[in-house]
Every structure is written in structure tokens, then in C-alpha cells.
Amino acid sequence: MAKQKEEKTNVMRVLEQHEIPYIPHSYPADGPVDGVSVAKALGQDVEQVFKTLVCKGASGAHYVFDIPVAESLDLRKAAKAVGEKSVAMIPQKELLPLTGYVHGGCSPIGMKKQFPTFADATIADGETVVLFESICVSAGKIGHQVEVDPAVLMDFLGATAADLTVEGK
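Residues numbered from 1 in each chain as written. Predicted model: local features only at pLDDT ≥ 70, side-chain atom pairs only at ≥ 80, totals over all residues. Heavy atoms only, no water.

Trainee: Report on the pairing of strand 9 (residues 144–148), specifying residues and quantitative values.
Mentor: Counting buried residues in strand 9 gives 5 out of 5 residues, a clear majority hidden from the surface. In terms of strand pairing, strand 1 (residues 23–26) meets strand 9 through 4 bridges, oriented antiparallel. If you follow proline 24 over to strand 9, its bridge partner there is valine 146. Here strand 8 (residues 135–138) pairs with strand 9 via 4 bridges, running antiparallel. By the bridge assignment, valine 137 is partnered in strand 9 with valine 146. (Buried < 20%, exposed > 50% of the residue type's maximum accessible area, 1.4 Å probe, protein only. Helix = DSSP H or I, 4+ residues; strand = E, 2+ residues; numbered from the N terminus. Pairing = 2+ DSSP bridges.)

This is the structure in C-alpha cells:
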């Protein structure tokens, strides 16, 4: 049986360029793009599949937040984590020009510009102990995800762990 060639995304090329191991995953691109559906389509635990959200602070600076797909970003906690008075999600129409990614395919890896990145505290217990052996993030295109070591990813992105999600959901 011939092995089907995996479509390479920019995220995959960036990871390879930096010699960061990853496992590619794909799912039907014409289905729902919400993260919980993607996690289920991949047979992954929803706690280990992260979505990438981009916000703008009161100062005008942009920030990237990675949180579990079943959770919601707490904007007050996000603002506190980045040291801003407030943060707001950027309008969807601004996502592609700012990051190079579309809604449903946004990845913290390989954006046009590297913005300060924060991962929800569920990814790590403190600075050194990761809670999962691997997590999935978007591979930069709807229908594609990459599974990576969260400690390696956080180090590569210079990401900080912070409490970012809404309580008691």
C-alpha cells in the first residue's frame, strides 16, 4: 500500500526548520471548525487540544493566548497576565492580515510576527512541569493539526503559563 503524502503547512515547515518533532494530524476541512469537534474527529482528549486566540490590549499591543478548545478565554485574567488594563479579541477580519492565518486555522507557530504568547496554566504546573506529554495546536490551515511536546513548544514560542480560562464553566 502506497503511503499518502502528508500536505505540509507553514507550521510544519517552521517546526522542521527548528528541528522540533511533531506528529501531523488531519481531519475533514469541510466539517465544523470548532475545537471540540476537531478534537473528537482526531480522537484526542479535549484537554490536550488547544485553540489560538489573538487579542489587542488597551495599549494597542497584540497578544496570543492558547487555551484548551472546550474552554473560554477570561479577558480579565488575560489582561492581568499581560499587564494591560484590558484586552479584547481582535475582529475576525483582522486575523488574516495580522497573523497570516484564517479563523479556525490560527496557530501560535509561524505567525507573520511573533507576539507575546501565553498558554493556559492547564498546560503546565509552574515553569518546568508539563501536565501532558503532548498537545495539539492548529497546523495553520483548517483540516490540519500538529501534536507537539508542550514544554518544547512553550520554549520555542517563549510562552508563559497563566490562568486564562473562565471559572466554573
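On we go.
Trainee: Go over the sheet that holds strand 2 (residues 50–57), please, and point to the residues and values.
Mentor: Here we have 5 strands laid out as an open sheet, ordered 4-2-3-5-10, and mixed in their pairing. The outermost strands of the open sheet, each flanked by one partner alone, are strand 4 (87–89) and strand 10 (160–162). Taken pair by pair, the neighbouring strands of this sheet meet at an average axis angle of 35 degrees, ignoring direction. Relative to strand 4, helix 3 (residues 75–82) is tilted by about 125 degrees, and along the sheet it contacts strand 2, strand 3 (62–68), strand 4, strand 5 (117–120) and strand 10. (Axes fitted to C-alpha atoms, helices over the stretch in contact; angles between N-to-C directions. Contact = heavy atoms within 4.5 Å.)

Trainee: Please set out the nonpolar core residue by residue, giving values where relevant.
Mentor: Grouped burial of nonpolar side chains is what soluble globular proteins tend to show. Ranked by size, the top nonpolar core spans 29 residues in total, and within it Leu15, Val54, Ile109, Ile135 and Val146 carry the most contacts. Contributing elements (two or more residues each) for this core: helix 1 (10–17), strand 2, helix 4 (92–99), strand 8, strand 9 and helix 5 (150–157). The leading source of residues in this core is helix 1, at 4 residues. Setting aside residues no more than four positions away along its own chain, leucine 15 makes contact with Ile20, Tyr22, Ile109, Val146 and Val148. Within the second largest apolar cluster, 13 residues are counted, among which are Ala79, Val87, Ala162 and Leu164. (Core = buried A, V, L, I, M, F, W, Y, C linked by side-chain atoms within 4.5 Å.)

Trainee: I'd like a description of helix 5, backed by residues and values.
Mentor: Looking at helix 5, one finds that the buried residues are Pro150, Leu153, Met154 and Leu157. In a view along the axis of helix 5, the buried residues occupy a sector of 95 degrees, so they form one face of it. The N-capping residue of helix 5, defined by a side-chain oxygen 2.8 Å from the backbone nitrogen of alanine 151, is aspartate 149. A positive phi of about 65 degrees marks glycine 158, the residue just after helix 5. (Arc of directions from axis to C-beta. Polar contact = N/O pair within 3.5 Å; in protein donor to acceptor, adjacent residues only side chain to side chain.)

Trainee: A description of helix 4 should follow, citing residues and the corresponding values.
Mentor: Buried residues of helix 4: Leu95, Leu98 and Thr99, and no others. Looking straight down helix 4, one finds its buried side chains confined to an arc of 90 degrees; they lie on one side. Facing away from the buried side of helix 4, by more than 90 degrees, are the exposed residues Lys93 and Pro97. Where helix 4 is buried, its residues contact strand 2 and strand 3. Looking one or two residues beyond helix 4, the residue adopting positive phi is glycine 100, at roughly 90 degrees.

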